[in-house]
Amino acid sequence: MTIGYERRGHSAFLTIRRPEVHNCLNTATLLQLREHIGRIAVDREIRVVIVTGEGEKAFCAGADLKERSTMTDQQVRHFIRTIRDTFSELERLPQPVIAAINGAALGGGTELALACDLRVASETARLGLTETALGIIPGAGGTQRLPRLIGRAKAKELIFTARRITAAESLEIGLVNRVVPPDQLLQAVSHLAEEIAANAPLALAQAKHAIDCGVEVDLASGLAIESQAYQVLIPTKDRLEGLAAFREKRPPIYRGE
C-alpha cells in the first residue's frame, strides 16, 4: 500500500509512502487515496484529517512523470481528471484537513497542499507550481486555488516563472499558515489537530461549508449561506452541550449529534 492510514484519537493521518520517488503520485496511489477519502467522509469519529509524506525529503513531488511518459494522450487525460477529482474530494471533506509539508511539495504536491484547509510546513520545505517548465500547466486545481489564496498577481508570477520558493517565503505570502523546525512538524500539526478536534464536529463542518461556499459569492449571498449553516446547528445536542458546559464552567463533551 502506498497510502498509509492511521487513527490517533479523533485525527486520521494519510501518508504518501513512496519516499524512493519523492512521494510522487501514480495512478494506483491516487486510487488508494481516493478510497481513504471516501471512507473518512462518512466516519463520524474522525474530526480532523492530516495529509503528509513519508520521510524528510518530500511531501509530494507531484505526478509520477515516469508513469506519465508511458501513457497515451487519452490515458494522460484520464489521469489528469483522476488527480483533479481526487483533490476536489479531499477539499470537500466535511472535516478540516491539514497538510503537514515535510519537504519538497512541487507541482501536484503543491496542488495537494492547496486542496487542504490549512498548511503547516517544515523549515526545509520547498513549494512551487513548476508545470510551465515542463510544457504544461497545473491541472489539479493549482491555477484556481492558488490565486484565491494568495492573490491573482502573485499566483501568476509563481506559475509563469515555475519558481520554487522556501517555507519562509511561503509563509510571507500566505501560502502556508505556519513554519516549524523539521523535528517539530508532526508534533505541531498534532497539537493543531487536537485544538480543532476539541470543538463541536458539526459546527466545524458547517463553518468550513460557510467559508468555502461563501467566499465565492457576493456578501449578501455569503451571509445567507452563513445563516443557513447556523440554522443547521440550532437543533443539535452539541449546541446544548456547549451552552451547558459554559454555564457549568467545564470542558464540553461533543459527540457530533
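Use the structure listed above.
All values reported here derive from a predicted model rather than from experimental measurement. (Residues numbered from 1 in each chain as written. Predicted model: local features only at pLDDT ≥ 70, side-chain atom pairs only at ≥ 80, totals over all residues. Heavy atoms only, no water.)

*Asks:* How would you explain helix α10 (residues 219–233) if you had to name every residue and give the values?
*Replies:* Taking 1.5 Å of rise per residue, 15 residues should cover 21 Å, and α10 covers 21 Å from first to last C-alpha, within 8% of that figure. For α10, the full list of buried residues reads G222, A229 and L233. For α10, the angular spread of the buried residues around the axis is 50 degrees, confining them to a single face. Among the exposed residues of α10, those oriented more than 90 degrees off its buried face are A220 and Q228. Contacts made by the buried residues of α10 are with α9 (201–214) and α11 (237–248). Its side-chain oxygen 3.2 Å from the backbone nitrogen of A220, D218 forms the N-cap of α10. (Helix = DSSP H or I, 4+ residues; strand = E, 2+ residues; numbered from the N terminus. Expected span 1.5 Å × (residues − 1). Buried < 20%, exposed > 50% of the residue type's maximum accessible area, 1.4 Å probe, protein only. Arc of directions from axis to C-beta. Contact = heavy atoms within 4.5 Å. Polar contact = N/O pair within 3.5 Å; in protein donor to acceptor, adjacent residues only side chain to side chain.)

*Asks:* A description of the side chain of D64 should follow, citing residues and the corresponding values.
*Replies:* Its place among the elements puts D64 in the loop between β4 (58–60) and α2 (65–68). Look at D64 and you get buried, because its relative accessible area is 10%. Within polar-contact distance, the side chain of D64 engages the side chain of R18 at 3.2 Å. Within the local environment of D64, its side chain forms a polar contact with the backbone nitrogen of E67, the two atoms lying 3.2 Å apart. When residues no more than four places from it in sequence are discounted, the contact partners of D64 are R18, C24, L25 and N26.

*Asks:* Summarise the pattern of salt bridges; cite the residues concerned and give the values.
*Replies:* Tallied over the full model, the rule gives 13 salt bridges. Residue E54 is joined to R17 by a salt bridge in which the shortest nitrogen-to-oxygen separation is 3.6 Å. Highlighted residues: E54 in the loop between β3 (48–53) and β4 and R17 in the loop between β2 (11–16) and α1 (27–41), separated in sequence by 37 residues. When salt bridges with common partners are traced through the structure, they connect K154, E157 and R163 into a single cluster. (Salt bridge = Lys/Arg side-chain N within 4 Å of Asp/Glu carboxyl O.)

*Asks:* So what's going on with the packing of helix α5 (residues 142–150) against helix α6 (residues 152–161)? Residues and values would help.
*Replies:* Interaxial distance between α5 and α6 falls to 7 Å at its minimum, and their mutual angle equals 135 degrees. Comparing their axes, α6 and α5 come out oblique. The hand of the α5/α6 crossing is right-handed. Across the interface between the two elements, G142, T143, L146, P147 and I150 from α5 touch R152, K154, A155, L158 and I159 from α6. Partitioning the contact of α5 with α6 into residue classes produces six nonpolar, two polar and two charged. (Axes fitted to C-alpha atoms, helices over the stretch in contact; angles between N-to-C directions. Parallel < 35°, antiparallel > 145°, perpendicular 65-115°, else oblique. Left-handed = near helix turned anticlockwise from the far one by under 90°. Nonpolar A, V, L, I, M, F, W, Y, C, P; charged D, E, K, R; others polar.)

*Asks:* Would you mind going over the sheet that holds β2 in detail, with residue names and values included?
*Replies:* Spatial ordering of the open sheet is given by β1-β2-β3-β5-β7-β10, a layout of six strands whose pairing is mixed. Both outer strands of the open sheet, β1 (3–8) and β10 (178–180), are each paired with one neighbouring strand and no more. Direction aside, neighbouring strands of the sheet carry axes that sit 20 degrees apart on average. One ladder, built from six bridges, connects β1 with β2; its direction is antiparallel. If you follow Y5 over to β2, its bridge partner there is L14. (Pairing = 2+ DSSP bridges.)

*Asks:* Tell me about the nonpolar core, and name the residues and values.
*Replies:* Formed by 44 residues in total, the largest nonpolar core has its most connected members in F59, L90, I101 and L146. A100, V120, V180 and A193 belong to the second-largest nonpolar core, a separate cluster that totals 15 residues. (Core = buried A, V, L, I, M, F, W, Y, C linked by side-chain atoms within 4.5 Å.)

*Asks:* Residue-level account of the sheet that holds strand β8 (residues 126–128), with values.
*Replies:* Here four strands make up an open sheet; going across it, the order is β4-β6-β8-β9 and the pairing mixed. Across the chains shown, the open sheet's two edge strands, defined by having one partner strand only, are β4 and β9 (165–166).

*Asks:* Lay out the pairing of strand β7 (residues 118–122) with the relevant residues and their values.
*Replies:* For β7, the buried fraction is high: four of the five residues fall into the buried class. Where strand β5 (residues 97–101) lies against β7, four bridges are found, and the strand directions are parallel. In the strand pairing of β7, A100 is matched with V120. Across three bridges, the pairing between β7 and β10 is parallel. From the neighbouring strand, V120 faces β10, where its bridge partner is R178.

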